[in-house]
Amino acid sequence: MEGEPVNVNEFQELARQALPKMYYDFFSGGAEDQHTLKENVEAFRRITFRPRILVDVSRINLSTTVLGYKISAPIMVAPSSMHKLAHPEGEIATARAAAASNTIMVLSSMSSCTIEEVASSCNAIRFFQLYVYKNRDVAAQLVQRAERNGYKAIVLTVDAPMLGRREADIKNKMIVPPLKNIEGLVSTEVDNDEGSILEGFAKGALDASLCWRDIGWLRSITNLPILIKGVLTREDAIKATEVGVAGIVVSNHGARQLDYTPATITVLEEVVHAVGGKVPVFLDGGVRRGTDVFKALALGAQAILIGRPVIYGLAAKVEYGVSR
């Protein structure tokens, strides 16, 4: 590719060229037929604008606040695992780019750099994403470490009682590299002759019994606000507000969990109306352009989160790529 990349699609192509096939497939792929993966992007394209003219736009301010913290634009870094598979600097480079861009990074509990390493890498507002493991003490320890190291919120992922069927990972026999945050707490040694080692690890480690009453348990072990990530329906949005969450992320896990769920942008308005302004609503999935961000804001999101674009920037051009 000649010259500097000018959009996310061009960064994706650079990432494809830079990464081993196993890792590129892991980051870029979705579940089963990848219908929802395609639909997350295509649904944005079906939304068009009715522009109004002769409005003074000489002074534009893109900044917003998330849980009271000011960020430069309504774009945050979504939690995604194992950034060192994209580049050896991993989440450290991602964190520094987010800080330089004055936005919030949500660190994955399955990151390849520790909570502490990322916290000490730069000064920034950061949230921590949590999976709940069968051994609840592991989750409690992670939450306590995040709180101790200055993370400002817990983002609880609720759409992964088991790992989605990611067929590229099965074919590639996707490995599990060291997951530094749970080292010594959860074993990543898995025998799975049928395919993805990652799938075997998740099946053995994640708590499939997680349910609504466990939000109360989580609230009892932390003073941090809790956002719930993985809401796609009006009914679950109402339940989330009833159990006292501080925010909702409309998400289908980047189409990596259950295929044939709706594209997130198509259910955003339903969730926003159900919540009725009680808590902020955010969105991830399929955002590839500034116009996509605007569409999400117009339909009621306070901000959006991006996952794959960050990984593509990291793989292509490290910290500079993430900032771009």
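Criteria and cut-off values
Counting of residues starts from 1 at the beginning of each chain's written sequence and follows it residue by residue. Under the rules for a predicted model, residues below a pLDDT of 70 receive no local features and side-chain atom pairs below 80 are neither given nor counted, while totals for whole chains, interfaces and linings still include all residues. Only hydrogens and water are set aside; all other atoms, that is, all heavy atoms of the structure, feed into the side-chain values. Comment: elements are numbered from the N terminus, with helices defined as DSSP H or I runs of at least four residues and strands as E runs of at least two. Note that the radius of gyration is over C-alpha atoms, with the globule rule given as 2.2 Å times the number of residues to the power 0.38. Two residues form a contact once any of their heavy atoms are found within 4.5 Å. Reported accessibility uses the Shrake-Rupley method at a 1.4 Å probe radius. Residues are deemed covered only where the shown protein chains occlude them. For the purpose of charge, His is not counted, nor are the chain termini; Lys and Arg are scored as positive and Asp and Glu as negative. Taken as the charge location is NZ of Lys, CZ of Arg, CG of Asp or CD of Glu. A 1.4 Å probe that fits into a set of points on a 1 Å grid over the protein atoms alone but cannot get out defines a cavity; an open set with protein on both sides within 12 Å along at least five of seven lines defines a pocket, and lining residues are those with an atom within 4 Å of a point. Grid points are joined across faces, edges and corners, and a volume is the space filled by probe spheres set on the points. Classes in brief: Ala, Val, Leu, Ile, Met, Phe, Trp, Tyr, Cys and Pro nonpolar; Asp, Glu, Lys and Arg charged; the others, Gly included, polar. Only protein chains enter the area calculation, which uses a 1.4 Å probe; residues under 20% of their type maximum are buried, those over 50% are exposed, and those in between are partly exposed. Two strands qualify as a pair provided that DSSP identifies no fewer than 2 bridges between them. With strands facing away from the observer, any crossover in which the path from the first strand over the helix to the second runs clockwise is taken as right-handed. Note on definitions: salt bridges are taken to be side-chain nitrogens of Lys or Arg within 4 Å of carboxyl oxygens of Asp or Glu. Each aromatic pair joins two rings of Phe, Tyr and Trp (for Trp, the six-membered one) with centres within 6.5 Å, and gets the label stacked for planes under 30 degrees apart, edge-to-face for over 60, and tilted for any other angle.

The secondary structure content of the protein chain amounts to 13 helices and ten strands. On C-alpha atoms alone, the protein chain measures out to a radius of gyration of 19 Å, which is about the 20 Å that the 2.2 N^0.38 rule sets for 324 residues. Overall, the protein chain is about 65 × 50 × 40 Å in size when its C-alpha atoms are taken along their principal axes. Restricting the contact set of the protein chain to residue pairs at least 6 apart, pairs at least 24 apart contribute 70%. Summed over its atoms, the accessible surface of the protein chain is roughly 15000 Å², and 50% of this surface lies on carbon and sulfur atoms. Mean positive and mean negative side-chain charge positions of the protein chain (36 and 36 charges, respectively) differ by 5 Å.

Here the largest pocket defines a volume of roughly 860 Å³. Mapped onto the lining of the largest pocket, the elements with two or more residues apiece are helix 1 (8-18), helix 2 (21-28), helix 3 (35-45), helix 8 (197-205), strand 10 (303-306) and helix 13 (308-323). Among the elements that take part in the lining of the largest pocket, helix 3 stands out by supplying seven residues, more than any other. Each residue belonging to the lining of the largest pocket can be placed in one class, and the counts come to 21 nonpolar, 16 polar and eleven charged. Each pocket or cavity is described by its volume, and for the second largest pocket that value is around 720 Å³.

Here we come to the environment of Asn-223. Mapping Asn-223 onto the fold places it in the loop between helix 9 (213-220) and strand 7 (226-231). Residues Asn-223 and Ala-153 lie 70 residues apart in sequence; the distance between their C-alpha atoms is 8.9 Å.

Looking along a regular strand, one sees the side chains alternate between the two faces of the sheet. Of the two faces of strand 10, the one carrying Ala-303 and Leu-305 and the one carrying Ile-304 and Ile-306 are both buried. Looking at chain direction, strand 9 (residues 281-284) and strand 10 are connected through three bridges and run parallel. When the bridges of strand 10 are listed, Phe-282 appears paired with Ala-303. Traced from strand 9 through helix 12 (residues 290-298) to strand 10, the parallel crossover comes out right-handed.

Most of helix 4 (residues 90-100) is tucked away, with eight of its eleven residues classed as buried. Of all the residues in helix 4, the buried ones are Gly-90, Glu-91, Ile-92, Ala-93, Thr-94, Ala-95, Ala-97 and Ala-98. Within two residues after helix 4, Asn-102 carries a phi angle of roughly 55°, on the positive side.

In this fold, Ile-175 is placed in the loop between helix 7 (167-172) and helix 8. By relative accessible area, which is 36% here, Ile-175 ends up partly exposed. It is 28 Å that separates the C-alpha atoms of Ile-175 and Ile-228, two residues lying 53 residues apart in sequence. Those residues in contact with Ile-175 that sit more than four places away from it in its chain are Met-22, Tyr-23, Ile-197 and Leu-198.

Below, the discussion takes up unusual backbone geometry. Within the chain, Met-82 stands out as a residue other than glycine whose phi angle is a positive 55°. Within the secondary structure, Met-82 sits in the loop between strand 3 (75-77) and helix 4.

The subject of this paragraph is the pattern of salt bridges. Scanning the model with the defined rule gives eleven salt bridges in all. Note that Glu-4 is salt-bridged to Lys-317, the shortest N-O span being 3.4 Å. Linking Glu-4 in the segment before helix 1 with Lys-317 in helix 13, this pair joins segments that are 313 residues apart in sequence. Asp-214 is the partner of Arg-136 in a salt bridge, and the nearest nitrogen-oxygen pair spans 3.3 Å. One end of the pair, Arg-136, is in helix 6 (residues 136-148); the other, Asp-214, is in helix 9, with 78 residues separating them in the sequence.

Another aspect to go through is the packing of aromatic side chains. Throughout the structure, instances matching the rule amount to four aromatic pairs. Measuring from centroid to centroid gives 5.3 Å for Phe-49 and Phe-294, while their planes differ by 65°, and the two rings are edge-to-face. Here Phe-294 lies in helix 12 and Phe-49 lies in the loop between helix 3 and strand 1 (64-66), a separation of 245 residues in the sequence. The class for Phe-49 is partly exposed, based on a relative accessible area of 40%. Residue Phe-294 is classed as partly exposed on the basis of its relative accessible area, which comes to 47%. For the ring pair Phe-128 and Tyr-151, a centre distance of 6.1 Å and an interplane angle of 75° mean the geometry is edge-to-face. Taken together, the positions of Phe-128 in strand 5 (residues 126-130) and Tyr-151 in the loop between helix 6 and strand 6 (154-157) put the pair 23 residues apart, joining distant regions of the chain. For the pair Phe-128 and Tyr-151, a shared accessibility class is recorded, and that class is buried.

Alternating residues of strand 9 divide into Val-281 and Leu-283 and Phe-282 and Asp-284, and every residue in both groups is buried. Bridge count for strand 8 (residues 247-250) against strand 9 is three bridges, and the pairing is parallel. For Val-250, the partnering residue across the bridge sits in strand 9 and is Leu-283. Read as a crossover between parallel neighbours, the route from strand 8 over helix 11 (residues 264-275) to strand 9 is right-handed.

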